[in-house]
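Survey of secondary and tertiary structure
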Amino acid sequence: MPYWESFIHNFPTIIDLANAPEEQVLRLWQGLGYYSRARNLHYTAKYVSNELGGVFPNTYSEILKLKGIGPYTAAAIASICFNEPEPVVDGNVFRFASRYFGIKNDISKASSRNTFLDVLKEHINPDNPGIFNQAMMEYGATTCSPSPSCDECEFSINCFALKEGLQSELPIKSAKVKVRQRHLHYLVLRSGDQLLLNQRSTDDVWGGLYDFYLIEGNYDEEEILHQTKVQLDLHDPIVEEISEPIKHILSHQKLFAKFYSLTISDKDVYTLSQKTTLKSFSVKEILNLPKPKLIVNYLHRIGIK
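All right, on to the environment of Ser-108 then. Mapped onto the elements of the fold, Ser-108 is located in the loop between helix H7 (91–101) and helix H8 (112–123). For Ser-108, a relative accessible area of 30% gives the class partly exposed. Residues Ser-108 and Lys-173 lie 65 residues apart in sequence; the distance between their C-alpha atoms is 5.4 Å. Engagement of the side chain of Ser-108 in a polar contact is seen with the side chain of Asp-106, the distance being 2.6 Å. At a separation of 3.2 Å, a polar atom in the side chain of Ser-108 contacts the side chain of Ser-174.

Spelled out as structure tokens, the structure:
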């Protein structure tokens with residue numbers, strides 16, 4: 001709710017959102033993750049504002065054409081906002097529908113979605129499709145969770161999975177997401193009251209956000225300090241502190257991060273500004289930059305809040 005309230009306060013209309021700088025949008029999104037969603041939201045606000053006269057589409061098929069909006073979100077908007085009987089299918093709906101109706105299609109396969117949609121279209125309430133969809137999502141997230149509360153379920157008398165004892169087998173999902181491990185070594189370069197950060201590219205995690213100079217790889221501290229001098233051509237940086245490894249979990253990535261606090265000279269700052277994308281920022285400026293949660297947590301630890 002605080003994120004929602006902040007967005008509505010800063011962007012009361014879609015035109016306000018369209019006219020906002022991307023950094024402000026990312027800053028308000030900071031901590032939610034999935035930053036491509038924020039950039040897509042901003043892009044679509046511009047499109048609706050500039051190309052559609054500020055009028056949001058009101059049908060499932062037209063909503064689906066907007067960047068960043070897939071079948072699930074389009075169905076949710078169409079049913080809740082415009083009363084169109086288009087079923088939503090997310091993980092929670094897959095789980096409840098699979099168990100209740102006895103659908104044994106593998107939900108990791110794209111073709112299974114249509115099977116679930118066909119069944120749900122037969123049951124969705126045409127008068128209150130938004131309520132129906134919200135109820136399906138909520139029930140799958142609560143009572144019919146991965147560890148279901150069958151004794152409290154209002155639908156247990158007709159539940160296929162309960163009758164057959166298949167609650168733990170349904171839904172069927174064969175594909176498992178492989179979690180990637182990454183080792184991140186951040187160089188916290190400081191000169192006086194200035195810290196050096198750069199903006200991440202949009203083709204990696206946290207695209208568009210600001211962080212410190214990064215050396216990635218499974219290296220020890222000695223190798224990182226050597227690479228620091230080689231890559232950045234620094235003149236005798238002073239190592240103030242090296243943090244303990246910090247584990248940070250994303251949906252498909254497990255990150256292990258270390259922070260190397262280094263004091264550098266004004267001459268080094270000038271050199272880095274010429275040969276890298278690093279820029280100097282004061283503490284006040286840093287607080288207003290959009291940053292990954294991992295960086296925010298580190299800044300809090302060193303007293304920048």
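A word on the nonpolar core. One finds Tyr-186, Trp-206, Phe-212 and Phe-259 to be the most contacted residues of the largest nonpolar core, which totals 33 residues. Breaking this core down by element, the ones donating at least two residues are helix H2 (14–19), helix H3 (22–29), helix H4 (35–51), strand E1 (180–191), strand E2 (194–199), strand E7 (253–263) and helix H14 (293–301). When neighbours within four sequence positions are excluded, Trp-206 is seen to be in contact with Tyr-35, Leu-184, Tyr-186, Arg-200, His-248, Leu-250, Leu-255, Pro-292 and Leu-294.

Here we come to the pairing of strand E4 (residues 213–216). Only one face of E4 is covered, namely the face carrying Tyr-213 and Ile-215; the face carrying Leu-214 and Glu-216 is uncovered. Here E1 pairs with E4 via 4 bridges, running antiparallel. Bridge pairing in E4 links Leu-184 to Glu-216.

For the rest of this paragraph, the subject is the packing of aromatic side chains. A complete count under the given rule lists 15 aromatic pairs for this structure. Relative to Phe-259, the ring of Tyr-186 lies with its centre 5.2 Å away and its plane at 20°, an arrangement referred to as stacked. Here Tyr-186 is found in strand E1, whereas its partner Phe-259 is found in strand E7, with 73 residues between them in sequence. Phe-259 gets classed as buried once you look at its relative accessible area, which sits at 1%. Relative to Phe-281, the ring of Tyr-210 lies with its centre 5.8 Å away and its plane at 80°, an arrangement referred to as edge-to-face.

Here the focus is unusual backbone geometry. Omega for the peptide link from Leu-170 to Pro-171 comes to 0°, which places this bond in the cis form. Summarising the element assignment, Pro-171 is placed in the loop between helix H10 (160–164) and E1. One non-glycine residue, Tyr-34, lies in positive phi territory at about 50°. Not every positive phi belongs to a glycine, and Asn-83 is a case in point at roughly 60°. You can see Asn-83 is positioned in the loop between helix H6 (71–82) and H7.

This part takes up the packing of H7 against helix H9 (residues 129–141). Look at H7 against H9: their axes get within 7 Å of each other, and the N-to-C directions meet at 80°. One element, H7, and the other, H9, form an angle in the roughly perpendicular class. From H7, Asn-92, Val-93, Arg-95 and Phe-96 reach across to H9, where they touch Met-136, Met-137, Tyr-139, Gly-140 and Ala-141. In terms of residue class, the contact of H7 with H9 is built from 6 nonpolar, 2 polar and 1 charged.

In this section: the environment of Leu-187. Following the sequence through the fold, Leu-187 ends up in strand E1. With relative accessibility at 0%, the residue Leu-187 sits in the buried group. Taking C-alpha positions, Leu-187 is 32 Å from Phe-7, a pair spaced 180 residues apart along the chain. Ignoring sequence-local partners within four residues, the contact set of Leu-187 consists of Phe-212, Tyr-213, Ile-215, Ile-224, Thr-228, Leu-232, Tyr-260 and Leu-262.

Rules behind the numbers
Residues numbered from 1 in each chain as written. Predicted model: local features only at pLDDT ≥ 70, side-chain atom pairs only at ≥ 80, totals over all residues. Heavy atoms only, no water. Helix = DSSP H or I, 4+ residues; strand = E, 2+ residues; numbered from the N terminus. Buried < 20%, exposed > 50% of the residue type's maximum accessible area, 1.4 Å probe, protein only. Polar contact = N/O pair within 3.5 Å; in protein donor to acceptor, adjacent residues only side chain to side chain. Core = buried A, V, L, I, M, F, W, Y, C linked by side-chain atoms within 4.5 Å. Contact = heavy atoms within 4.5 Å. Pairing = 2+ DSSP bridges. Phe/Tyr/Trp six-rings, centres within 6.5 Å; stacked < 30°, edge-to-face > 60°. Axes fitted to C-alpha atoms, helices over the stretch in contact; angles between N-to-C directions. Parallel < 35°, antiparallel > 145°, perpendicular 65-115°, else oblique. Nonpolar A, V, L, I, M, F, W, Y, C, P; charged D, E, K, R; others polar.

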